Amino acid sequence: MILLPGLLFILWGEPARCLAEGGGFDFYGEIRQYAVATNMVYVATEEKLYQLNHDLTLVRSVTQRGIIESGEHVYDAQFHRVTETDHWNTAFRVNVLLPFVENATLISCGVIDRGCGVCELLDLEDISSVLHRELFVVGPQRRNSSASVGFLVNVEKTRTETETYILTAIQKDKKNPEKIHCPSSETMNLHNTNNNQVGLIFSYSGDGYNTINAVDDVEFVDGFQLGSIIYLFSNLPKSNTVRLIWLEGKTSKIQTIRSLRGATLSISDGGGGSRLEASSVVPGGPPVLWSGVFSVDGGRTNTELVLFDISPDLTGEKDKDPDFCTKSSCTDRITPQPKTLKPKKVLFRQNYMTSVLAVRQKTWLVFFIGTGDGQLIKLAVDKNYHTTCPRVLYRANDDRKVLPKMHLDPVDHKHVYVPFQKQIKRVAVSNCSTYTNVQDCWSAQDPYCVWCGSKRSCTFEDDCQDSDWLSIPDDSQQKMISHKVVKDNTGQITLTIQTHVTAGSEALANFACQFSTSSSQLCIMNNAPPQFPQCTCILTNSILPADGMHVTVMIRLGKTRLTEELKLTNCDDITGPPTSVLCRQCIEAGCGWNINHCSWANQGERNDSLCQKLDSGMNISRPEISSITPSVISFYGKNHAVLSGLNLHDVTRVRLQADMDCTPQESPVWSNTGESLTFHIPSADNKGVVKVCVVLPDGSCHGSTTITYRSSPSCTDFTPDTSWISGKREITVTGSHLDFVEGVVHNHAPDEVRSPKSINSQNLTYDTPAAKTNGVFMSHVSLKVANQTLACSPTIIYHPDPEFISFTAVRTGDNVRVTIQKKADKLNMKMTEIEVWGFLDEKQYRCIMEKLESSNNTDSFTCEIPKQPDAKFQKLLIKFGDKTVTLGPPSLVHQVMLILRILLIPCVIFVLVIICRWQKKLTDEMNNH
């Protein structure tokens, strides 16, 4: 072992890459590992190791390049870092990156080219300071191993003594074995973290055989420790199952390993058929709640966020798992099947989920979900595991995948680190300030936001200087204020107001309600005082007017005032056929629905879902949807979409429902034939699939189909990247999602939208617009998508129209060969871009293009007119783009000048030869003298 105390390998090369726009950091090379400590973020890429502040500003970076000096064996080699400009022959690829905060060190382990493993102990405050380095394999030996995990665990040796080890769980793939010349680790290992432990630092030897092996191939997803229990999650590809391993971190390495117990996580009745993509433990407990992103379709498209209770079952026998064992060989064992854990709740379904982070905020659970198409989605879940409407916190324009592990900012706890392939974004957990009034602040259903009475703004709770605030309740509610009307046996009517909020102590101390109506005194004199969260009013009159009574309720919570306008109606007077319309009218009036009629609230149900089961009562044929064109669009929406089906005559709107907990969007119908209708698909906050139905006049929605929102189009290249002034040059645009583009616009002709000529997801062709100005200039290009205009980064350079100088026609066999001279320019015109006709005796003959040749000052186009014996054409008609030019034969003057040019060449050569000979003769005479 080589102790290198105090060695500085700081090689301050390029200052990382750059601080990305909107709170992020761009890196050179792909991210291999990243970790978060108390106030720092550490990122290992293919090229560098970075140390960043918690706000992602750069502290320092060091290169991962170095020199390997060979030893007698490959595992005897020595690795040394070099400067950015020095010669290097290997690179350090980090597979394990662990901040050891209690020890003030950063553990960095990985592999090197032409060698085995390297482990370094770095100063946590200054990663350029190497405290220790040695060649030792900790973690996987492959350069790319995304199915292995490593984390620190504590083992309680005694009540007062705890040892910290590195637990590595390594992907085992028998089809692709690791480097055979290197020391091999087992499936699960416990490595030392200091030289005082038995076997010295990084060793996994100690008090006996302390590793775990797997029966078949295994892919690890995540792992962590809570209290003394260690949790490990893995996929078993052969059986297509997800496994959970429990270990007890007690006494010693070997006792920890031998405490092996396990369970199978199943989201289906069969116990298999799913794959774990990412996971996050829910803080707090017991019970130990854990969330996992599962793919359920065999691929990674159809994904679900599932909540489990993974509290350890320590009653079963140790080391009796059918898939893992603590022996050197796991064969010839009789083991029982592990217990199966079922989900508490499927929280969310969304395509391409790749990452999840769970946070507890008061009584709510908040899940931050990363997707394969570049989104960060926030999902709030109440104490009853009811979800609110998902909110998109960040949305990339392209399909950048969010990597599987996200972290919360350890300093302010108000930002999430979202890792991409070459970038980490720092995204705020909430946008409270965007809600400008108390109703909007509450309607956001965001556990992070409160309405601050003293500031009269929506803020984080710790930004409200006093306790005069209110926010959402512990359970999900549809309305901030609800009411019900009750009638007792004596005929007395009571109006009850319920406020669905939580409030700070100062707001609660100043809770009051006031009822008023325009006609007379509403409540009796000895009405009960308000008791948060309720106010009651016993009406002075037990008979309500036939047309109802308008009531204003004013509620005070600290400095915040809430007002609710109600219309009280005699519940017994709400009569008619038991339709969904009547049911909703009944419940909205504060009454209750009792089987098939409206009654007082204390005599019926007040659940709006009852109304959805009732018939509309309208004599209308039920509409059916067969298709929507297009059904896959960008998140900017689409104008003039066509919905086809049957019985569409009475449809008034098209409803789009992204999630059952979200308010749907509705789009009016523009034209309707009964079998098809036109409507505009609105823009969406997030990418994904939405359900579509058509709305009838009674508000009922029928039919079912889907629309898929995807990323916006982007353009990366133009071919060619020039155009002539007269326009109509065909340009091919290269990019992504170009099939969503409706038109192309140039900034010099903003009112002229050019429609695509041909289009697919990666390529689009269109003709350029003409320009009114002459000379050379740069034209900026934008893509028209629905009601948005998206700028392209490349530009088109406009040049003057091509200038054709002359032509010659020569008879070759039965055909006439025509050669056209064009002045050289920067248009790079292809022969496929021009069409040529020859005129002879007032007849027109098509000239078929054959080749294009270029010299210094001219371009020569050659074409042939077939089966034409006469070569004496009076003129040529040349068409390019939207312009046609006529080119005549060379005039007599031009012909004479051409002959003179030809004769001038030998004359010039002759004169130069005479001058050279005269100069040589003169030199010889001077030398003789």
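Residues numbered from 1 in each chain as written. Predicted model: local features only at pLDDT ≥ 70, side-chain atom pairs only at ≥ 80, totals over all residues. Heavy atoms only, no water.

Participant: Honestly, the pairing of strand E28 (residues 353–361) in this entry has me stumped. Any pointers?
Facilitator: Across a regular strand the side chains alternate sides, sitting on one face of the sheet and then on the other. For E28, a buried count of 8 out of 9 residues is recorded, marking the element as mostly surrounded by other parts of the structure. Pairing of E28 with strand E29 (residues 364–371) involves 8 bridges; the strand directions are antiparallel. Residue pairing in the sheet places Gln361 in a bridge with Trp364 of E29. The turn linking E28 back onto E29 is made up of 2 residues, and Lys362 within it adopts a positive phi angle of 55°. (Buried < 20%, exposed > 50% of the residue type's maximum accessible area, 1.4 Å probe, protein only. Helix = DSSP H or I, 4+ residues; strand = E, 2+ residues; numbered from the N terminus. Pairing = 2+ DSSP bridges.)

Participant: When you look at the packing of aromatic side chains in this model, what are you seeing that I'm missing?
Facilitator: A ring pair, where both rings are aromatic, is described by two values, the distance of the centres and the angle of the planes. Scanning the entire structure with this criterion turns up 19 aromatic pairs. A centroid spacing of 5.9 Å and a plane angle of 45° characterise the contact between Phe294 and Phe308, whose relative ring orientation is tilted. Here the residue Phe294 occupies a position in strand E23 (residues 289–295), and Phe308 occupies one in strand E24 (residues 302–309), the gap between them amounting to 14 residues. Relative accessible area serves as the criterion here: at 0%, Phe294 is assigned to the buried category. (Phe/Tyr/Trp six-rings, centres within 6.5 Å; stacked < 30°, edge-to-face > 60°.)

Participant: Looking at this model, I keep getting lost on a nonpolar patch on the surface. Mind explaining?
Facilitator: Nonpolar side chains collect at one region of the surface, where Val911, Leu912 and Ile915 lie side by side and expose about 260 Å² of accessible area between them. Take Val911: it is sitting in helix H6 (residues 892–928). A relative accessible area of 44% means that Val911 is categorised as partly exposed. (Patch = residues over 30% accessible without salt bridge, like charges linked within 9 Å, V, L, I, M, F, W, Y side chains within 5 Å. Areas by Shrake-Rupley, 256 points an atom, 1.4 Å probe, with all protein chains shown as cover. Salt bridge = Lys/Arg side-chain N within 4 Å of Asp/Glu carboxyl O.)

Participant: When you look at the pattern of salt bridges in this model, what are you seeing that I'm missing?
Facilitator: When their charged atoms lie close together, side chains carrying opposite charge are able to pair. Using the criterion set out here, one finds 39 salt bridges in the structure. A salt bridge links Glu833 to Arg729; the shortest N-O distance between them is 2.8 Å. Taken as a pair, Glu833 in the loop between strand E65 (815–823) and strand E66 (834–840) and Arg729 in the loop between strand E56 (722–724) and strand E57 (730–736) lie far apart in primary sequence, 104 residues in all. On the basis of relative accessibility, which here comes to 19%, the residue Glu833 falls in the buried class. Across the pair Lys883 and Asp801 runs a salt bridge whose closest N-O atoms are separated by 3.0 Å. With Lys883 in strand E70 (residues 883–887) and Asp801 in the loop between strand E63 (788–799) and strand E64 (804–812), this pair connects stretches of sequence that are 82 residues apart.

Participant: Sorry if this is basic, but what is going on with the side chain of Glu163 here?
Facilitator: Locating Glu163 in the fold gives a position in strand E15 (residues 162–169). The side chain of Glu163 sits in the buried core without any salt bridge; Lys157 is the nearest counter-charge, 5.4 Å away. Not counting residues within four places of it along the chain, the set of residues in contact with Glu163 comprises Val153, Asn154, Val155, Lys157, Asn194 and Gln197. (Lys, Arg positive; Asp, Glu negative; His and termini not counted. Contact = heavy atoms within 4.5 Å.)

Participant: How do you make sense of helix H4 (residues 580–588) when you look at a structure like this?
Facilitator: Working note: α-helix, 3.6 residues per turn, so residues spaced by three or four point in the same direction. Here H4 has its buried residues at Ser580, Leu582, Cys583, Cys586 and Ile587. On an axial view of H4, the arc spanned by its buried residues comes to 160°, and they lie on one face. Where H4 is buried, its residues meet strand E45 (592–594), strand E46 (597–599) and helix H5 (609–612). Taken from the residues just after H4, Gly590 is the one with a positive phi, measuring 90°. (Arc of directions from axis to C-beta.)

Participant: Which parts of the structure should I look at to understand the sheet that holds strand E43 (residues 549–557)?
Facilitator: Paired through their backbone hydrogen bonds, the strands of a sheet run either parallel or antiparallel. Taken together, the 3 strands give an open sheet; going across it, the order is E41-E43-E44, and neighbouring strands pair in antiparallel fashion. Looking at which strands have only one partner, the edges of the open sheet turn out to be strand E41 (511–516) and strand E44 (560–568). Taking each pair of neighbouring strands and ignoring which way they run, the sheet shows an average axis angle of 15°. Note: E41 against E43, 6 bridges, orientation antiparallel. Within E43, the residue paired with Ser516 across the bridge is Thr552. (Axes fitted to C-alpha atoms, helices over the stretch in contact; angles between N-to-C directions.)

Participant: It is not clear to me how the state of the cysteines should be interpreted in this structure. Could you clarify?
Facilitator: A covalent bond between the sulfur atoms of two cysteines is referred to as a disulfide. Taken as a whole, this structure holds 13 disulfides when the rule is applied. Covalently, Cys586 is tied to Cys598 through a disulfide, its sulfur atoms 2.1 Å apart. Disulfide Cys586 to Cys598: torsion about the S-S bond roughly 80°, handedness right-handed. You can see Cys586 sitting in helix H4 and its partner Cys598 sitting in strand E46, a full 12 residues away along the chain. A single burial state applies to Cys586 and to Cys598, both of which are buried. (Disulfide = S-S within 2.5 Å.)

Participant: Looking at this structure, how should I read the pairing of strand E61 (residues 763–767)?
Facilitator: In terms of residue burial, E61 counts as a mostly covered element, since 4 of its 5 residues are buried. As defined by bridge partners, E57 adjoins E61 across 5 bridges and the pair is classed as antiparallel. Residue pairing in the sheet places Glu730 in a bridge with Asp767 of E61. Of the strand pairs in this sheet, strand E60 (residues 758–759) and E61 are connected by 2 bridges, and their pairing is antiparallel. Bridging across to E61, Ser758 finds its partner in Thr765. Hairpin connection from E60 to E61: 3 residues lie between these consecutive antiparallel strands.

Distances and angles like these do not, on their own, reveal function.
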